[in-house]
Amino acid sequence: MVWPWVAMASRWGPLIGLAPCCLWLLGAVLLMDASARPANHSSTRERVANREENEILPPDHLNGVKLEMDGHLNRGFHQEVFLGKDLGGFDEDAEPRRSRRKLMVIFSKVDVNTDRKISAKEMQRWIMEKTAEHFQEAMEESKTHFRAVDPDGDGHVSWDEYKVKFLASKGHSEKEVADAIRLNEELKVDEETQEVLENLKDRWYQADSPPADLLLTEEEFLSFLHPEHSRGMLRFMVKEIVRDLGEAGSSLAGTPGPRTDWQGPGIVGRSGQVLREPQPGCGLTHSRLADQDGDKQLSVPEFISLPVGTVENQQGQDIDDNWVKDRKKEFEELIDSNHDGIVTAEELESYMDPMNEYNALNEAKQMIAVADENQNHHLEPEEVLKYSEFFTGSKLVDYARSVHEEF
């Protein structure tokens, strides 16, 4: 019996002699290529450090939650609760016909009774389903991150273990930090890192369910990273937002009282434009508008306050005007449930609860109202396609003609 590789060798015998030459040439090319490309060890280290930091830090943005961690409105909320796991599936560069078809597939799934119309109840059910998808995604990510900070695999993470990993992600030596903590020595960190550590420790304490032992289980660690998963942590998040608005939400007030509709010098933008201080003699003074009385409640002026400064052009001013208008509408129509002009911590907590069915119904009605051109309190295929930018973040052209094609 002749092994196959022996037969192959006999057929290709004349070429085997060329192998050493080919290998030499290949080695020379690879060597030249390697010498031509500069080493990039530092960028690799930075990427690893950034990845490690992202693994253990609570995210700045929470999908399916109406407010950001700093109290700003979540601009992508409607798309998050409409698309769920398909959030990144509608790119501007995607083929339009494919995107339209994908949107109509979603329409068909929302339209449970197949009457080619989406009711508020159908949209409410869909919102709850998509929010649950975000919850599941957060739980899976949290499990991965928990393993990263629980190297001994005992199912618990201490604050000191977490602090070691966090400072290592900031470029500190993991061994040196661990030794310093073990010997109760002072850690040398910059002021900014120290402030982040203090905030994280407060959050760690809140996530530690009674009896407090400063050891977080996997479930508690999920609440630490994603406060929307725990009633107690959601309440803590609300308090943090009210507090941060009070500390950072500086604006301007006229002498009689707070002014949030000021259109001249001294109003700031959230537009990223160059800012400057109010001009002398404009009759305005600095004032904290966000919970300025410290009563742990928010009034309309406090909630819609803008930071100090001024915008440089009309585009920036328009963005500011829209900011005030959107915040005021959200406050009056959705957050202030008893319409008394004051938002309590309880009202804000209820508003931010992503699994609140009443909120989901209100959100469904609001989303329908945006695109309901024929005013029948339902969404139809043509309307969803026409207002695709609101639902998906991408504007899909030729909506009227293509709706019949997609169905």
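Residues numbered from 1 in each chain as written. Predicted model: local features only at pLDDT ≥ 70, side-chain atom pairs only at ≥ 80, totals over all residues. Heavy atoms only, no water.

Student: What exactly am I supposed to notice about the overall build of the chain here?
Tutor: Across its full length, the chain carries 19 helices and six strands. Scored against the burial criterion, the 407 residues of the chain give a buried share of 41%. At a minimum sequence separation of 6, the contacts of the chain that also span at least 24 residues come to 65%. Of the roughly 23100 Å² of accessible surface on the chain, a fraction of 53% belongs to carbon and sulfur atoms. (Helix = DSSP H or I, 4+ residues; strand = E, 2+ residues; numbered from the N terminus. Buried < 20%, exposed > 50% of the residue type's maximum accessible area, 1.4 Å probe, protein only. Contact = heavy atoms within 4.5 Å. Areas by Shrake-Rupley, 256 points an atom, 1.4 Å probe, with all protein chains shown as cover.)

Student: Mind showing me how you'd approach the pattern of salt bridges here?
Tutor: Between side chains of opposite charge, pairing is possible as soon as their charged atoms come close. Evaluated as defined, the whole model comprises 13 salt bridges. A salt bridge links E129 to R125; its shortest N-O distance comes to 2.9 Å. Taken together, the residues span about one helical turn, with E129 and R125 both in helix α7 (residues 120–149) at a distance of four residues. Overlapping salt bridges bring together R231, R235, E349 and D353 as one network. (Salt bridge = Lys/Arg side-chain N within 4 Å of Asp/Glu carboxyl O.)

Student: Even after reading the chapter, I still don't get the layout of surface pockets, so can you show me in this structure?
Tutor: Which parts of space are left empty comes out when a probe the size of a water molecule is rolled across the atoms. The computed volume of the second largest pocket comes to approximately 410 Å³. Lining of the second largest pocket is provided by 15 residues; of these, R75, H78, D326, E330 and F390 occupy positions nearest its centre. Counting residues per element, the ones that place at least two in the lining of the second largest pocket are α5 (77–83), α14 (314–335), α16 (357–371) and α18 (388–392). In the lining of the second largest pocket, the residues fall into five nonpolar, four polar and six charged. (1 Å grid on protein atoms, 1.4 Å probe; cavity = no way out; pocket = protein on both sides within 12 Å on 5 of 7 lines; lining within 4 Å. Points joined across faces, edges and corners; volume = space filled by probe spheres on them. Nonpolar A, V, L, I, M, F, W, Y, C, P; charged D, E, K, R; others polar.)

Student: Where do I start with a negative patch on the surface in this structure?
Tutor: Residues D190, E191, E192, E195, E198 and D202 make up a contiguous surface patch of negative charge. Relative to the elements of secondary structure, E192 occurs in helix α10 (residues 191–207). (Patch = residues over 30% accessible without salt bridge, like charges linked within 9 Å, V, L, I, M, F, W, Y side chains within 5 Å. Lys, Arg positive; Asp, Glu negative; His and termini not counted. Charge placed at Lys NZ, Arg CZ, Asp CG, Glu CD.)

Student: Even after reading the chapter, I still don't get the packing of aromatic side chains, so can you show me in this structure?
Tutor: In this description, an aromatic ring pair is defined by two values, namely the gap between the centres and the angle between the planes. Counting across every chain of the model gives twelve aromatic pairs. Their ring planes at 75 degrees and their centres at 6.5 Å tell us that W204 and F221 sit as a pair that is edge-to-face. A residue pair is termed long-range when its members are at least 10 positions apart, and W204 in helix α10 and F221 in helix α11 (residues 218–225) qualify at 17 residues. Centre to centre, the rings of W204 and F224 are 5.1 Å apart; their planes meet at 70 degrees, and the pair counts as edge-to-face. In this pair, W204 sits in helix α10 while F224 sits in helix α11, placing the two residues 20 residues apart along the sequence. Clustering of aromatic rings is evident, with ring pairs tying together F146, W159, Y162, W204, F221 and F224. Looking at K130, its charged tip hangs above the ring of W126, at a distance of 4.3 Å from the centre. (Phe/Tyr/Trp six-rings, centres within 6.5 Å; stacked < 30°, edge-to-face > 60°. Lys NZ or Arg CZ within 6 Å of the ring centre and 35° of its normal.)

Student: Help me understand empty space enclosed by the protein in this model?
Tutor: Summed over all chains, the structure comprises two cavities of 30 Å³ or more. Here the largest cavity is characterised by a volume of approximately 100 Å³. Lining the largest cavity are 13 residues, and of these F77, D353, P354, N359 and A360 sit closest to its centre. Of all the secondary structure elements, the ones that give two or more residues to the lining of the largest cavity are α5, α15 (345–352) and α16. Residue contributions to the lining of the largest cavity peak at three residues, all from α16. Here the residues of the lining of the largest cavity sort into seven nonpolar, three polar and three charged. Here the second largest cavity is characterised by a volume of approximately 40 Å³. Lining the second largest cavity we find K66, L334, Y351, N359, N362 and E363. In terms of residue count, α16 provides more of the lining of the second largest cavity than any other element does, three residues in total. Residues of the lining of the second largest cavity, tallied by class, amount to two nonpolar, two polar and two charged.

Student: What's the story with the nonpolar core in this structure? I'm lost.
Tutor: One recurring pattern in soluble globular proteins is that nonpolar side chains are buried together. With 26 residues, the main nonpolar core has F82, M123, L379 and F391 as its most contacted residues. Where this core is concerned, the elements lending two or more residues are α5, α6 (96–110), α7, α16 and α17 (381–386). Top contributing element to this core by residue count: α16, with six residues. Excluding residues within four positions of it along the chain, L379 makes contact with F107, R116, K117, I118, M123, I368, A371, D372, V384 and F391. Membership of the second largest hydrophobic core comes to 23 residues, among which are I304, I335, L348 and M352. (Core = buried A, V, L, I, M, F, W, Y, C linked by side-chain atoms within 4.5 Å.)

Student: Teacher, can you tell me more about the confidence of the model for the chain here?
Tutor: The predicted coordinates ought not to be read in detail in places where the model reports low pLDDT. Per-residue confidence for the chain gives a mean pLDDT of 75; residues scoring 70 or more make up 66%. Ranking the elements of the chain by mean pLDDT puts strand β4 (residues 285–288) last, at 31, and α11 first, at 95. In this model, residues 248–290 is a region of pLDDT below 50 whose contacts with residues beyond four sequence positions or in other chains number 103 contacts. (pLDDT = per-residue confidence, 0-100.)

Student: It is not clear to me how the side chain of E347 should be interpreted in this structure. Could you clarify?
Tutor: By secondary structure assignment, the location of E347 is in helix α15. One polar contact links the side chain of E347 to the main-chain amide nitrogen of N338, over a distance of 3.4 Å. If we ignore the near neighbours within four places in the chain, the residues touching E347 are I335, D336, S337, N338 and I342. (Polar contact = N/O pair within 3.5 Å; in protein donor to acceptor, adjacent residues only side chain to side chain.)

Student: Help me understand the environment of F391 in this model?
Tutor: Structurally, the position occupied by F391 is in helix α18. Once the C-alpha coordinates of F391 and H78 are considered, the two residues, 313 residues apart in sequence, prove to be 6.4 Å apart. If sequence neighbours within four positions are ignored, F391 has contacts with Q79, F82, L83, M123, M367, A371, L379 and V384.

Student: Is there a simple way to explain helix α8 (residues 159–169) in this structure?
Tutor: The α-helix advances 3.6 residues per turn, and as a result positions three or four apart in sequence lie on the same side. Burial analysis of α8 places eight of its eleven residues in the buried class, which makes it a mostly covered element. Phi for G171, located one or two positions after α8, is positive at around 105 degrees.

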